[in-house]
Amino acid sequence: MSQSQSSKTPLLDKVHTPQDLRQLDASQLRQVADELREEMIDAVAVTGGHLGAGLGVVELTVALHYVFDTPQDRLVWDVGHQAYPHKIITGRRDRIRTIRQGGGLSGFTKRAESEYDPFGAAHSSTSISAALGMAVARDLSGKKNNVIAVIGDGAMSAGMAYEAMNNAGSRDSRLIVVLNDNDMSIAPPVGAMSAYLSRLWSGRTYRSLREIGKQLGKHLPKLIHDRAVLAEGYARGMMMGGGTLFEELGFYYVGPIDGHNLDHLLPVLKNVRDAPNGPILLHVVTQKGKGYPPAENSADNRRRIRLTSITAWSSSTSPPAPRPRPSRTRRPIRRSSAKA
């Protein structure tokens, strides 16, 4: 690029690794996220690939790398469709236009590719069990780093995810699971009140008081103790919504919060990071294809894109209409008649 031309991504140009990102002021992260989204759209226009999932986690990706000390803190992405923004800000931006090409970047996270990819994801629902293994290994070695698994609502429907959560809950492992809810809408309210309650209940003051209450409750008659536990659970359930199942599995549930609002994400992630025990499930609500209208309006949120599917688009022009998906007809199965 000549000096007479100004970069479309001046702030992102300064971010080569998450260490660079963490040098920025929190007020600059909104611009970083916007530029990261533009960079991803431009890259997928060149190579093709998965678009919707990555666009949906741009703010979450920026917030996670800003709050946590990656790669010392282990960040495990379930599958790889949502990891394109992660790759861009972890030293691979110069190769992002080789993704899914021969000799280029993998379309998934890959340990041999970067120290920021602690687990090589392939098919879904493996992130929590992988992260739990890392958390157990950390505890055995006496380390204190965080381990975070990011899993989508679709992957959360698999039995392997719940088996891992059950194991984590029974071990009281200090593990953080971020549920990226972009389709199920487990608990729709994600406004200011929900964000405030999430900050409150993920904070050290409330969690300390809750732990004190548990210790005091052990000295009360069993009937009163059990009623108090039920009352606290009902209160949190009514106010937060959607967390009963995760609480029953032994996780401390926080959320739901708006996964595109950095003012909501950052303080809650900091509280979760500083929590002395776990496991914790943070429920964030996102929109697939966020920031690119053809993907937002597409029935499948442009899960995967061909090279010809993205045309030049900017906020000053009307977005191209999504291409209709061709209908497919199944060929009838011919069965040979049984001989008499």
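Just above sits the structure.
Residues numbered from 1 in each chain as written. Predicted model: local features only at pLDDT ≥ 70, side-chain atom pairs only at ≥ 80, totals over all residues. Heavy atoms only, no water.

Considerations on the overall build of the chain
Counting its regular elements, the chain contains 13 helices and seven strands. Going through the 340 residues of the chain one by one, you find that 49% of them count as buried. Sequence separation of 24 or more characterises 73% of the internal contacts of the chain that already satisfy a separation of 6 or more. Summing over all exposed atoms, the chain offers an accessible surface of approximately 17800 Å²; the carbon and sulfur share of this is 53%. (Helix = DSSP H or I, 4+ residues; strand = E, 2+ residues; numbered from the N terminus. Buried < 20%, exposed > 50% of the residue type's maximum accessible area, 1.4 Å probe, protein only. Contact = heavy atoms within 4.5 Å. Areas by Shrake-Rupley, 256 points an atom, 1.4 Å probe, with all protein chains shown as cover.)

What to know about the nonpolar core
A general tendency of soluble globular proteins is for nonpolar side chains to be buried together. Counting residues in each nonpolar core, the largest one holds 52 residues, and the members touching the most others are Leu21, Leu51, Leu60, Leu64, Ile148 and Val150. With eight residues, helix α2 (residues 29-47) is the single largest residue contributor to this core. Once you skip the residues sitting within four places of it in the chain, Val150 turns out to touch Leu60, Leu64, Leu75, Val76, Trp77, Asp78, Gln82, Ser127 and Val178. One finds Val76, Ala131, Met134 and Ala149 within the second-largest nonpolar core, a separate group that totals 24 residues. (Core = buried A, V, L, I, M, F, W, Y, C linked by side-chain atoms within 4.5 Å.)

Focus: the packing of α2 against helix α4 (residues 58-67)
Between α2 and α4, the least distance of the axes is 9 Å, while the angle of their chain directions is 130°. The angle between α2 and α4 places the two elements in the oblique class. Between α2 and α4 the crossing geometry is right-handed. Where α2 approaches α4, its residues Leu29, Arg30, Val32, Ala33, Leu36 and Arg37 are matched on the opposing element by Val58, Glu59, Val62 and Tyr66. (Axes fitted to C-alpha atoms, helices over the stretch in contact; angles between N-to-C directions. Parallel < 35°, antiparallel > 145°, perpendicular 65-115°, else oblique. Left-handed = near helix turned anticlockwise from the far one by under 90°.)

Here we look at the pairing of strand β5 (residues 252-258)
Of all seven residues that make up β5, six are buried, and the element is covered over most of its length. The pairing of β5 with strand β6 (residues 280-285) spans five bridges and is parallel. Paired with Ile257 across the bridge in β6 is Val284. The parallel pair β5 and β6, bridged by helix α12 (residues 262-274), forms a crossover whose chirality is right-handed. (Pairing = 2+ DSSP bridges. Right-handed = clockwise from strand over helix to strand, strands pointing away.)

Description of helix α5 (residues 84-92)
The element α5 is extensively covered by neighbouring structure, given that eight of its nine residues are classed as buried. Three or more residues of α5 are buried, namely Tyr84, Pro85, His86, Lys87, Ile88, Ile89, Thr90 and Arg92.

Some details on the environment of Thr61
Residue position: Thr61 is located in helix α4. For Thr61, a relative accessible area of 0% puts it in the buried group. Between the C-alpha atoms of Thr61 and Leu36, which are 25 residues apart in sequence, the distance is 10.0 Å. A polar contact is formed between the side chain of Thr61 and the backbone oxygen of Val57, at a distance of 2.7 Å. (Polar contact = N/O pair within 3.5 Å; in protein donor to acceptor, adjacent residues only side chain to side chain.)

Comments concerning the side chain of Ser114
Tracing the sequence through the fold places Ser114 in the loop between α5 and α6 (127-140). Judged by relative accessible area, Ser114 falls into the buried class, the value being 9%. From its side chain, Ser114 meets the backbone nitrogen of Tyr116 in a polar contact 3.0 Å long. Aside from chain neighbours lying at most four places away, what touches Ser114 is Thr90 and Arg92.

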